[in-house]
Amino acid sequence: MADGRFDDRQIQWSRLDGIAHLEYTVLSIDPPRQTADVLFRFAANEQIVLHRHLALNHTFVVQGEHRLYEPDGQIKEIRPTGSYTISPPNPEPHREGGGTEDVIVLFSIRGSDGLLYELLDDARNIIGTLTMQDLTALYAAQRGSR
């Protein structure tokens, strides 16, 4: 019997400029329904850039332990493999990362054709954004490189 671990060797992982410890693959974009499904892989024992979610996110932890952190780096929440969470837009920033191994999380981003995430510096100044149009372009580029 297989060990039950998720095998991501066939996934084409990409990186976003300026965001360390994060890889992604866009699985689908549905503009009429304002949804995007994206797999994110967060590095083990690391935290990504401070950010806030401006759209509804449904998440499912596929592998590992998904950790959410307060802006100061303190653990806010730990979501084990198999956890399913519905998170409405939230102006409070946080960081995310993996536990003792890389974590893979399916994000189903819903209900916005515009701004999805704001990236922040440690002083909480906006240093970047990610929109549905950005995800659509990343998806097109990803499909074109296959």
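Everything below is about the structure shown above.
Remember, it's a predicted structure, so these values are computed and weren't measured experimentally. (Residues numbered from 1 in each chain as written. Predicted model: local features only at pLDDT ≥ 70, side-chain atom pairs only at ≥ 80, totals over all residues. Heavy atoms only, no water.)

1. Quick notes on unusual backbone geometry
Reasoning step 1: Look at Q34: it is not a glycine, yet its phi comes out positive at around 55°.
Reasoning step 2: Here Q34 shows up in the loop between β1 (22-30) and β2 (35-42).
Reasoning step 3: Note on Q34: relative accessible area 28%, which makes it partly exposed.
Reasoning step 4: One non-glycine residue, R124, lies in the positive phi region at around 70°.
Reasoning step 5: As for its placement among the helices and strands, R124 is situated in the loop between β10 (115-120) and β11 (126-131).
Reasoning step 6: Accessibility expressed as a relative area gives 41% for R124, which makes it partly exposed. (Helix = DSSP H or I, 4+ residues; strand = E, 2+ residues; numbered from the N terminus. Buried < 20%, exposed > 50% of the residue type's maximum accessible area, 1.4 Å probe, protein only.)

2. Section: the sheet that holds strand β7 (residues 84-87)
Reasoning step 1: In space, the 5 strands of this open sheet follow the order β1-β2-β9-β4-β7, with antiparallel pairing throughout. Of all the strands in the sheet, just β1 and β7 have a single pairing partner and so form its edges. Direction aside, neighbouring strands of the sheet carry axes that sit 20° apart on average.
Reasoning step 2: Relative to strand β9 (residues 103-110), β2 runs antiparallel, the two being bridged by 8 bridges. Considered in β9, the bridge of T35 is made with R110.
Reasoning step 3: Its contacts with the sheet place helix α1 (residues 132-144) against β1, β2 and β9, and it is angled at close to 100° to β1. (Pairing = 2+ DSSP bridges. Axes fitted to C-alpha atoms, helices over the stretch in contact; angles between N-to-C directions. Contact = heavy atoms within 4.5 Å.)

3. Details of the sheet that holds strand β3 (residues 50-53)
Two strands in a sheet stick together by hydrogen bonds in their backbones, pointing the same way (parallel) or opposite ways (antiparallel).
Reasoning step 1: Pairing is antiparallel in the open sheet, where 6 strands are placed in the order β6-β5-β8-β3-β10-β11. Strands with a single pairing partner mark the edges of an open sheet, and in this sheet they are β6 (75-79) and β11. Between one strand and the next, the sheet's axes are offset by a mean angle of 30°, whatever the strand orientation.
Reasoning step 2: Judged from the 5 bridges that link them, β10 and β11 form a sheet pairing that is antiparallel. From the neighbouring strand, E118 faces β11, where its bridge partner is T129.
Reasoning step 3: Against the sheet, α1 touches β10 and β11, its axis set at about 65° to β11.

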